[in-house]
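Overview (structure and organization)
If you want the building blocks of each chain, they are given just below.
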Amino acid sequence: MTFRQRCTLALISLALTACDGGAIGGNPAGNDPDQGIDASMRFPDDRTIPTDGAIDPGTNNMDAGPDATTTPDGSTPPPPPPPPPPPQPLNYYKSTVSLSGVVDVNNQTYMYAPALVYADGLYHYYACVGVSGDWIMHKAASSVTGLAAAQWNAVLIPDPDENHNCDPSIIRGTDGNWYLHYSNTPGGQYTDAGVAVSNHPGGPYLKITKNLLGHYSNLSPGQYGRGQTSVTRGPDGAYYMAFTNQIAPLEPNGIVILKSSEPSFSKSRTEVARLDVNDVGGWSTHLSYDPQSKYFVFVEPAGEAGFSVTSFNTSWKRVRREILPRPPGAGVPGEGQAILTDAEGRIITDSPGANGNLTIVGATSGPNRGYPTHITGPNQWHAFRVNPTGVVDQVAGLAGKVRVTGWSFDPNDVGFALDTHVYIKSGGTQEGTNIGATDVSRPDVNSSQKTTGNHGFSRDVATNLRGAVEVCVAAINIGSGNNEWIGCKNATVTN
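First things first, this report covers the structure right here in the doc. From a predicted model like this one, the values you see are computed outputs, not experimental measurements. (Residues numbered from 1 in each chain as written. Predicted model: local features only at pLDDT ≥ 70, side-chain atom pairs only at ≥ 80, totals over all residues. Heavy atoms only, no water.)

1. Quick notes on the overall build of the protein chain
From N to C terminus, the protein chain includes three helices and 31 strands. When burial is assessed residue by residue, the protein chain has 54% of its 495 residues classed as buried. Long-range pairs, those at least 24 residues apart, make up 57% of the contacts in the protein chain with a sequence separation of at least 6. Surface exposure of the protein chain reaches about 20,300 Å², of which carbon and sulfur atoms provide 51%. (Helix = DSSP H or I, 4+ residues; strand = E, 2+ residues; numbered from the N terminus. Buried < 20%, exposed > 50% of the residue type's maximum accessible area, 1.4 Å probe, protein only. Contact = heavy atoms within 4.5 Å. Areas by Shrake-Rupley, 256 points an atom, 1.4 Å probe, with all protein chains shown as cover.)

Spelled out as structure tokens, the structure:
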């Protein structure tokens, strides 16, 4: 039987599963869905086992044991040299495993500049939709794939003096209310910004102000104004806003960053940075904060190439830019893209139904019929696998040990050898072992998964446990994402 016959990968509801060895995008059969985050993994009974690197390869001890403090002649040995820096992944978000689906089949209007928020068990999708002028519409579903069948509801309609309401960015404040930031066009000319509030993400919303950033006239021809606001909550608990600032000759054009202690930005705010649009990636951008990388992140359409994801540190210095290729069959991204966040505008990759994936949503390019009848293509979601994936091929019980065989890799860097942690459990007792990086050549894996390097493991793991045991294996994440269970199997350990 060939490798492909034995294990066919299928993409289901944004999660990758495998026919042998348990979950690849979720959890092994019977495993707790609250999988390991940061420095812990969980057995099926919720008992937490450290996976913080304190386990030495090839041992069952959480500590390496006492260090030698003297040499044989009684003298104090010199201090050991500092360890080399750990290898860094090639990419942080860019992934070799991805897929797309439809949020809305739109074929009749201009639908763009969305926001996607997961809160209270629902995915909330907001978009700017051409109706009579632009309206902000909302739909919600319990899964990303369910959004396609969900019904639209208008949550913000332009007042007579606004013409358009567009560019939604939604955030929940510490007061429990939801704040919807948006752009408007007074008199149909230059762009202004507004903010509205509701006690429910689906509205109704009450406009707090339609002139949040000031109204500017007598601008240079073709100037946009001030708008396209997007808001997130930073690591310090403050709220941060990015907006398009095109009011030349009054000020240089660029992306302005504001900071506020409250989510409406209508009571107080301070300017903290002005960014060159070329550093950000473009004008129609969307700001999030990634608590894992501790960077602020902008996402932009990158045409045929896919999606531009640019990270800035908390001093607003650019750290990196990655181009995430379009998933197979995906449309060319159009104006306005957004990354899935929680209610505070922070990137999440572990929400139910999108487990282990960075999710980007937005319009696709549609037929050019000439303004104002130009339309976008369908709005789509794009899932980029960022958690590790793999299979436990075999667990064999031996005398005083188990033999564990399988493979793993991380789609963020297909040449990176991942650390592998093995957990052995019997009753209320469990042991953890870091067996080190994958070091076994697996040409079958490299062929089927388009990986390079060594991604296999085959190791005998000593244990003090005897009789029937459960053996679970975790692949340790690099880049974005979390550690991942790649399988659990039962075995019998003899004396």
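2. A few points about the state of the cysteines
Applying the stated criterion across every chain, the model contains two disulfides. Here Cys128 connects covalently by a disulfide to Cys166, the sulfurs 2.0 Å from one another. Sign of the S-S torsion, about -120° for the bond between Cys128 and Cys166, identifies this disulfide as left-handed. Taken together, the residues span a long stretch of sequence, with Cys128 in strand S7 (residues 122-131) and Cys166 in strand S10 (residues 165-172) at a distance of 38 residues. Under the relative-accessibility criterion, Cys166 is labelled buried at 4%. (Disulfide = S-S within 2.5 Å.)

3. Thoughts on the packing of aromatic side chains
Using the criterion set out here, one finds 13 aromatic pairs in the structure. Note on Tyr423 and Trp485: the rings are 5.6 Å apart at their centroids and 75° apart in plane angle, and the pair reads as edge-to-face. Taken together, the positions of Tyr423 in strand S27 (residues 419-426) and Trp485 in strand S31 (residues 484-493) put the pair 62 residues apart, joining distant regions of the chain. Judged by relative accessible area, which is 0%, Trp485 ranks as buried. Taken together, Tyr240, Tyr289, Phe296, Phe298, Phe312 and Trp316 form an aromatic cluster joined through their ring pairs. Cation over ring: Arg320 sits above Tyr92, and NZ or CZ is 4.3 Å from the ring centre. (Phe/Tyr/Trp six-rings, centres within 6.5 Å; stacked < 30°, edge-to-face > 60°. Lys NZ or Arg CZ within 6 Å of the ring centre and 35° of its normal.)

4. Here we look at the pattern of salt bridges
For the coordinates displayed, the defined rule picks out 20 salt bridges. For the salt bridge of Lys210 with Asp161, the shortest nitrogen-to-oxygen distance reads 3.1 Å. Here Lys210, found in the loop between strand S13 (206-209) and strand S14 (225-233), pairs with Asp161, found in the loop between strand S9 (153-156) and S10; they are 49 residues apart in sequence, far enough to count as distant. Of the residues examined, Lys210 reaches a relative accessible area of 28% and is grouped as partly exposed. A residue is classified by how much of its surface remains accessible, and Asp161, at 43% relative accessible area, is partly exposed. Of the charged contacts in the structure, one is a salt bridge between Arg320 and Glu322, with a shortest N-O distance of 3.8 Å. On the basis of relative accessible area, Arg320 is assigned to the partly exposed category, the value being 24%. Residue Glu322 is classed as buried on the basis of its relative accessible area of 7%. Taken together, the shared-partner salt bridges in this structure form one network comprising Asp159, Asp161, Glu162, Lys207 and Lys210. (Salt bridge = Lys/Arg side-chain N within 4 Å of Asp/Glu carboxyl O.)

5. Some points on the sheet that holds S14
Strands belonging to one sheet form pairs held by backbone hydrogen bonds; the direction of such a pair is parallel or antiparallel. An order of S14-S15-S16-S17 is seen for the four strands of this open sheet, with the pairing classed as antiparallel. Single-partner strands in this sheet number two, and they are S14 and strand S17 (270-275). Neighbour-to-neighbour, the strand axes of this sheet turn through a mean angle of 25°, independent of strand direction. As paired elements, strand S15 (residues 239-246) and strand S16 (residues 254-260) share seven bridges and run antiparallel to each other. Paired with Tyr240 across the strands is Lys259, a residue of S16. (Pairing = 2+ DSSP bridges. Axes fitted to C-alpha atoms, helices over the stretch in contact; angles between N-to-C directions.)

6. Some words on the sheet that holds strand S25 (residues 389-398)
Read across the open sheet, the three strands follow the order S25-S26-S29; overall the sheet is antiparallel. Both outer strands of the open sheet, S25 and strand S29 (456-462), are each paired with one neighbouring strand and no more. Pairwise comparison of adjacent strand axes, ignoring direction, gives a mean angle of 15° for this sheet. Pairing analysis gives seven bridges linking strand S26 (residues 401-409) to S29, with the strands arranged antiparallel. The residue bridging Lys401 from the neighbouring strand is Ala462, located in S29.

7. Considering the pairing of S15
Across the eight residues of S15, eight count as buried, placing the element largely inside the fold. What you see with S15 is no split at all: Tyr239, Met241, Phe243 and Asn245 on one side and Tyr240, Ala242, Thr244 and Gln246 on the other are buried throughout. Both S14 and S15 contribute to a ladder of seven bridges, which runs antiparallel. Looking across to S15, one finds that Gly227 is bridged to Thr244. Hairpin remark: S14 followed by S15, antiparallel, with five residues in the connecting loop; positive phi at Gly237, about 85°.

Such coordinate-based values are descriptive only and should not be taken to indicate function.
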